[in-house]
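Residue-level structure breakdown
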Amino acid sequence: MSRLAFIGLGNMGSGMCANLVKAGHEVHAFDLNPDAVKQAVAAGATAAESIAAAVKGAEVVVTMLPAGKHVDQVYFGENGVAANAGPGTTFLDCSTIAVEESREAAKKAADAGFSYMDAPVSGGVAAAEGGTLTFMVGGPKEGYEKAKPVLDAMAKNVFHAGDAGNGQVAKIANNMLLGISMIGTCEAFNLAEKLGLDAQTFFDISSTASGQCWSMTSYCPAPGPVPAAPSNRDYKPGFAVAMMLKDLKLALASAEGAGADTPLGEHAQDIYAKLDEDGHAGLDFSGVMKRIRGEI
Ligand code: NAD
């Protein structure tokens, strides 16, 4: 078992930290929010009063932070992780940030003598609490081998996606497809209903025909066919519109830099941006069904 630092104990990080403790790791936890640290301590972690205290003696530092600027600050700011970690410490950033920011962080870490892995996740708060996240990992093979037992304690699936930043590439490409497929699924259910076909009958047919996709079979945006889906609790998240919009923006910014054509990704971003602007940032992303039905 390893001595770990965990920084960023928010919606996702708190459950992930608890699962690392459960797996027998010695976890020293830090967050700017003292209540989040208290919650980690209740789950069996040791409170750290600073980043420096958390990373002292750590073999692996795990971070779960809101955005790229926080990751840069936590790792490379004054009194940050890189300034305080011992030689050979592996950095494992699970936040969703831009591919370019992630590659830059890996380079800065390498220049300071550390191995940095990007390991963004698929799965929301329930998967973080249940230890059933999917991790997409970018970085050197040796770093991956070291990170794998730590990730296993929080995961259903762990994939090595290749070099630095490739975890983020997998995450944003996947979520761009998810945003597009969710809107398409909503359009299809709405069309079927408007033409006189009820949601359950359409689901029974399409879920075994060529229109089948995850947005339909696991997360159906029409209430009824998939009981656990947010559509059955008035689109309470789940995975909020604001989160989908964040991932689409990251995907499209990277697409532009790479010269990749993403017309449907752009259209999906416009639709989610409008929902966000209209005060629906906290709605589950499958709530785009309400917009397509003209209800919001
Ligand atoms: P959150 O805002 O709930 O948690 C972030 C935590 O980081 C907060 O507790 C905050 O206090 C802490 N923090 C910020 N700056 C800090 C600093 N300088 N030092 C120490 N702590 C600091 O966010 P979240 O929902 O847990 O998401 C975290 C990451 O996971 C994001 O990148 C998000 O895109 C990604 N993600 C979230 C979900 C989800 O469903 N919530 C799903 C997949 C991926």
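Look up: the structure comes first, before these words.
The following paragraphs examine the structure supplied in this document. Source: prediction; values computed, not measured. Throughout, residues of each chain are indexed from 1 in the direction in which the sequence is written. The predicted origin of the model limits local features to residues at a pLDDT of at least 70 and limits the giving and counting of side-chain atom pairs to 80 or more, whereas totals for whole chains, interfaces and linings rest on all residues. As a convention, hydrogens and water are excluded, and side-chain values are obtained from all of the structure's heavy atoms.

**Structural notes on the packing of aromatic side chains**
Geometry of an aromatic ring pair is reported as the spacing of the ring centres plus the angle between the planes. Any pair of Phe, Tyr and Trp rings, taking the six-membered ring for Trp, is counted once the centres come within 6.5 Å. Such a pair is stacked with planes under 30 degrees apart, edge-to-face with planes over 60 apart, and tilted for the rest. Counted under the stated rule, the structure contains eight aromatic pairs. Note on Tyr75 and Phe76: the rings are 6.0 Å apart at their centroids and 40° apart in plane angle, and the pair reads as tilted. Partly exposed describes any residue whose relative accessible area lies between the buried limit of under 20% and the exposed limit of over 50%, with all areas from a 1.4 Å probe on protein chains only and scaled to the type maximum. Tyr75 sits in the buried class, given a relative accessible area of 0%. In this structure Phe76 comes out as partly exposed when scored by relative accessible area, which is 23%. Ring geometry for Tyr219 versus Phe285: centroids 5.4 Å apart, planes at 40°, classification tilted.

**A short note on unusual backbone geometry**
A cis geometry characterises the amide bond from Pro237 onward to Gly238, with omega recorded as 5°. Within the fold, Gly238 resides in the loop between helix H11 (214-217) and helix H12 (241-258). With phi around 50°, Asp234 is a residue other than glycine that occupies positive phi space. Secondary structure follows DSSP: runs of H or I at least 4 residues long count as helices, runs of E at least 2 residues long count as strands, and numbering of each begins at the N terminus. Examined against the element boundaries, Asp234 turns out to sit in the loop between H11 and H12. Residue class for Asp234 comes out exposed when judged on its relative accessible area of 52%. Despite not being glycine, Tyr235 has its phi angle at roughly 60°, a positive value. By the element assignment, Tyr235 lies in the loop between H11 and H12.

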